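Notes for the structure review
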Amino acid sequence: MGEFRFVAMDLISDGELDLVIEERTPANERKGYVPAYNYAIQLHHTKVKVGRISLRIGDNRLIYYGGHIGYEVLEEFRGNGYAAKACMLVARVAVAHGLDRLIITCNPDSLPSRRTCEKLGARLIETVDLPPDNDMYQEGERQKCRYEWTLTDAPTPRDQPGFPAILIK
């Protein structure tokens, strides 16, 4: 693999949500971190932050347990499908990097995250035990459900009635 280069996708919007870049994190080989994009999820054309989403580019042991995508929707905005919509938006960045599948992990008892994966058409691969040296294990977590999201099969705005076109800047 050649030298990694971030793509200029600082704003991605579907007319309802905007993903606004907050940080690009370079790889840290010593810690085992792959390059990542960190976006704020905001209501379209506002500064109202409803959550955040990260996309990690690469594959390694940390991705195996932590996934390519990490998201959080603030409690007062949950139940609106924002996590799945943000995942569909950030998938454009993954595709720009030549990725055709992403791993998303969640806790087995996190039904909202599991529903998000199902909305995306991701397939549950397995539930794995976290190794004791993993940061998530050290924070008290013990297992992760691993979902595989094949981007070539992912729903696109064209597949969803009333879903506006995506703006990327």
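See above for the structure.
First things first, this report covers the structure right here in the doc.

Cut-off values and rules
- Residues numbered from 1 in each chain as written.
- Predicted model: local features only at pLDDT ≥ 70, side-chain atom pairs only at ≥ 80, totals over all residues.
- Heavy atoms only, no water.
- Helix = DSSP H or I, 4+ residues; strand = E, 2+ residues; numbered from the N terminus.
- Buried < 20%, exposed > 50% of the residue type's maximum accessible area, 1.4 Å probe, protein only.
- Contact = heavy atoms within 4.5 Å.
- Areas by Shrake-Rupley, 256 points an atom, 1.4 Å probe, with all protein chains shown as cover.
- Polar contact = N/O pair within 3.5 Å; in protein donor to acceptor, adjacent residues only side chain to side chain.
- Core = buried A, V, L, I, M, F, W, Y, C linked by side-chain atoms within 4.5 Å.
- Arc of directions from axis to C-beta.
- 1 Å grid on protein atoms, 1.4 Å probe; cavity = no way out; pocket = protein on both sides within 12 Å on 5 of 7 lines; lining within 4 Å.
- Points joined across faces, edges and corners; volume = space filled by probe spheres on them.
- Nonpolar A, V, L, I, M, F, W, Y, C, P; charged D, E, K, R; others polar.
- Axes fitted to C-alpha atoms, helices over the stretch in contact; angles between N-to-C directions.
- Parallel < 35°, antiparallel > 145°, perpendicular 65-115°, else oblique.
- Left-handed = near helix turned anticlockwise from the far one by under 90°.

Notes on the overall build of the protein chain
Each helix and strand in the protein chain was counted, giving four helices and nine strands. Per-residue burial over the protein chain gives 43% buried out of 169 residues. Partitioning the intrachain contacts of the protein chain with sequence separation of at least 6 by distance along the chain shows that 58% fall at a separation of at least 24. In the form shown here, the protein chain has an accessible surface area of approximately 9300 Å², with 49% of it arising from carbon and sulfur atoms.

Some remarks on the environment of R114
If you trace the backbone, R114 turns up in helix α3 (residues 111-120). By relative accessible area, which is 21% here, R114 ends up partly exposed. Dropping the residues within four chain positions of it, R114 is found in contact with C106, N107, P108, L124, C145 and Y147. At 3.1 Å, the side chain of R114 forms a polar contact with the side chain of Y147.

Description of the environment of K31
Looking at where K31 falls in the secondary structure, it is placed in the loop between β2 (17-25) and β3 (36-43). Along the primary structure K31 and L62 are separated by 31 residues, whereas in three dimensions their C-alpha atoms are 9.6 Å apart.

Some remarks on the nonpolar core
Counting 38 residues, the largest nonpolar core has L19, Y39, I53, I69 and W149 as its most contacted members. No other element matches helix α2 (residues 82-96), which puts eleven residues into this core. When neighbours within four sequence positions are excluded, L19 is seen to be in contact with D10, L11, I12, Y39, A40, I41, I53, A86, L89 and V90.

Section: the side chain of S13
Along the polypeptide, S13 turns up in strand β1 (residues 11-13). S13 sits in the buried class, given a relative accessible area of 2%. Within polar-contact distance, the side chain of S13 engages the side chain of D18 at 2.6 Å. Polar side-chain contacts of S13 include one of 3.0 Å to the side chain of H44.

Considering α3
Those residues of α3 that sit buried are S113, T116, C117 and L120. Projected down its long axis, α3 shows its buried positions confined to an angular sector of 95°, all on one face. Turned more than 90 degrees from where α3 packs its buried face, L111, P112, E118 and K119 sit exposed. Residues of α3 that are buried in the fold lie against β5 (69-73), α2, β6 (101-106) and β8 (143-150). Downstream of α3 by one or two residues, G121 has phi in the positive range, about 85°.

Some remarks on the layout of surface pockets
Here the largest pocket is characterised by a volume of approximately 1200 Å³. Around the largest pocket sit 46 residues that line it, and R56, I69, G70, Y71 and T105 are the ones nearest its centre. Class assignment of the residues belonging to the lining of the largest pocket gives a composition of 16 nonpolar, 17 polar and 13 charged.

Things to note about the packing of α2 against α3
Helix-helix packing is characterised by the crossing angle of the two axes and by the distance between the axes. Packing of α2 against α3 leaves a shortest axis separation of 9 Å and a crossing angle of 45°. Here α2 is positioned oblique relative to α3, judged by the angle of their axes. At the point where α2 passes α3, the crossing takes the right-handed sense. From α2, A83, A84, C87 and M88 reach across to α3, where they touch T116, K119 and L120. Tallied by class, the residues present in the contact of α2 with α3 amount to five nonpolar, one polar and one charged.

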